[in-house]
Every structure is written in C-alpha cells, then in structure tokens.
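Descriptive analysis of the structure
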Amino acid sequence: MVSSMDSSEDGKKDQVKTVPLPPINFSLATETYNFCGEVEKLNPGINWYGIYPPSDASSEYSMEKVKVEVVLSEQRLSKSMEFDIKTDREEKSIFLVGSEQPLKRGTVLYLNREMQEKLPMRLFPGQQEMLYARSVVRDDRNISISGLGSVTSAGECPQLKDYQLMASTKLGQEEVTQDIAQLVRQSDDCGVPELLWFGDLNDDGYADCLWASRGASHAQFSLLVSRIDDKVIWHLADTWTVENCP
C-alpha cells in the first residue's frame, strides 16, 4: 500500500517544469515622416516597443512600450499618399519592434561610450567586431561578426565581390557559424550594410541585431533575431523599407 506521502513524492517527480521558448516572431518599423511605402503592413493592434538610446552620460539602452500612430502627412513631399509613423512618447526611438507576446521592458543593453560611438558601423572585408547580448563582458554566447570578400571599386558606393558577413558563436558546446550577408543585403544595394544596433530583445542570452542596407531609391532595415533551437544563430524576423517618394 502506498502512503499519501509516497504518492505526493511520486507526483512531484512526475511534474515537469516547462520553460516557454523565447519569442522569435517580431514586426519591425521605424518612426518615419512622409512614408509612402506599404503602411498596411504595420499592425498597431499588437504590442509595440521603442528601443531608445542612452541619455547623456548614460550607458543604458532601454525598451519601452509605446502606442504607434499612423496619420496622414499634413505636408506631402510628392504626389504619393504619405503617412507619418510616430509614437505617444516625446523621445525618438532608434527603431520600433512589435510582438504578439508581451516583452520585458526596461534596460536591454549596456554599452560604454566607446562602443556607443561605433554605432552605426560597417564591416568591410577584413574587419571584425563582437556583439554582446547585455553588456561588454566575456561570454561564450557573444557573437563574432567578420566581413569577408573584396572591394572592387571605391567611392560613395563601393562595389563588393564575394562579400560575406560571417557570424559565429557557441550554442551549448557546439560552435556555429552563419553567413548573414544575404539576410541583410539586396543585390542593388550600395556598398556595405550598416549595423545600427544589437542587444537581447527576446531575453535568451544571445544578441539580436538591426541592419540597414541602402540603394539609390530606398533604405531597407532588417531585424535578425536569435533562433538557437534551430541550430542557427539568427533568422530574419522582419524587414522595413523606406523609399524615396515618387
């Protein structure tokens, strides 16, 4: 006969703690005036957060919940239908991220002044940088980014050959590498993409990052979010394109 105490102990053994996976599905937008792109892509009904830079003499990047507003521009710069995309906060965000799931608000990254001044940065062939999830400390989960290939012409819009952006980090005991150039760059882009920001949006211990690639008539922003359960470092969560209004 099993005592009630034994039954209770067995029950505890049978209980399995389930840890929810970090969110990986995000929407991306920027505060933009005279926007003439696909404004219907933006869903104001989900949870939206602004990523804000440090104030003077501060090292803290923060993520704060915002209300996103889409209004018809009062002063058009072209013949197109133009919209202003803004928030209910006075400060201007670096970018906006949306999620069906609530995200942890507050500080998402600590960067000293030297690292702050590096952003935005471009990784030309032969250059390397380290991306951190929360702060500039030594950690196996830090992500190294290296530019590979060659520059075949100089000028305002340098031409690249065999360009790669190789990311590498440890997923557990396994070393993982990934070329992200095709995730953040289009064939008609001008030169090297810019790394605008990095930090841990989904609270999984790995850095997520925002890139910008620019062409003659557009700027495309690409949000990469860590996806360690799929044995890759990042997946392309969303893109946001700001075009020159015709």
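Located above this text is the structure these notes cover.
The structure reproduced in this document is the subject of the present report.

Each value, and the rule that gives it
- Residues numbered from 1 in each chain as written.
- Predicted model: local features only at pLDDT ≥ 70, side-chain atom pairs only at ≥ 80, totals over all residues.
- Heavy atoms only, no water.
- Pairing = 2+ DSSP bridges.
- Helix = DSSP H or I, 4+ residues; strand = E, 2+ residues; numbered from the N terminus.
- Buried < 20%, exposed > 50% of the residue type's maximum accessible area, 1.4 Å probe, protein only.
- Polar contact = N/O pair within 3.5 Å; in protein donor to acceptor, adjacent residues only side chain to side chain.
- Contact = heavy atoms within 4.5 Å.
- Axes fitted to C-alpha atoms, helices over the stretch in contact; angles between N-to-C directions.
- Disulfide = S-S within 2.5 Å.

**Quick notes on the sheet that holds strand β14 (residues 194-199)**
Strand order in the open sheet made by the 5 strands is β9-β14-β15-β16-β17, with antiparallel pairing throughout. Looking along the sheet, the strands with just one partner apiece sit at the ends: β9 (121-122) and β17 (232-243).

**A look at the side chain of T30**
Counting through the fold element by element, T30 comes out in the loop between β1 (27-29) and β2 (32-35). A relative accessible area of 8% means that T30 is categorised as buried. Side-chain polar atoms of T30 contact the side chain of T32, separated by 2.7 Å. For T30, the side chain forms a polar contact with the side chain of W240, separated by 3.0 Å. If we ignore the near neighbours within four places in the chain, the residues touching T30 are I85, F95, L96, F221, W240 and V242.

**What about the sheet that holds strand β7 (residues 95-99)?**
One open sheet accounts for 5 strands, arranged β1-β7-β3-β4-β8; its pairing is antiparallel. Two strands bound the open sheet, and with one partner strand each, they are β1 and β8 (106-110). Each strand of the sheet is rotated relative to its neighbour by a mean of 30 degrees, with strand direction disregarded. Two strands pair when backbone bridges link them, and β1 and β7 are joined in this way by 3 bridges, in the antiparallel orientation. The residue bridging A29 from the neighbouring strand is L96, located in β7.

**Remarks on the state of the cysteines**
The final tally for this structure, using the stated rule, is 1 disulfide. In this model C36 forms its disulfide with C245; the gap between the sulfur atoms is 2.4 Å. Judged by the sign of its S-S torsion, about -115 degrees, the cystine formed by C36 and C245 is left-handed. Of this pair, C36 sits in the loop between β2 and β3 (47-52) while C245 sits in the segment after β17, placing them 209 residues apart in sequence. Looking at C245, the relative accessible area reads 25%, which means it is partly exposed.

**Points about the pairing of β3**
Among the 6 residues in β3, 6 count as buried, and that is most of the element. Side chains N47, Y49 and I51 project from β3 onto one buried face, and the interleaved W48, G50 and Y52 project onto a second face that is buried too. As paired strands, β3 and β7 are joined by 5 bridges and run antiparallel to one another. In the strand pairing of β7, W48 is matched with G98. Pairing analysis gives 5 bridges linking β3 to strand β4 (residues 60-66), with the strands arranged antiparallel. When the sheet's bridge partners are listed, Y52 is paired in β4 with S62.

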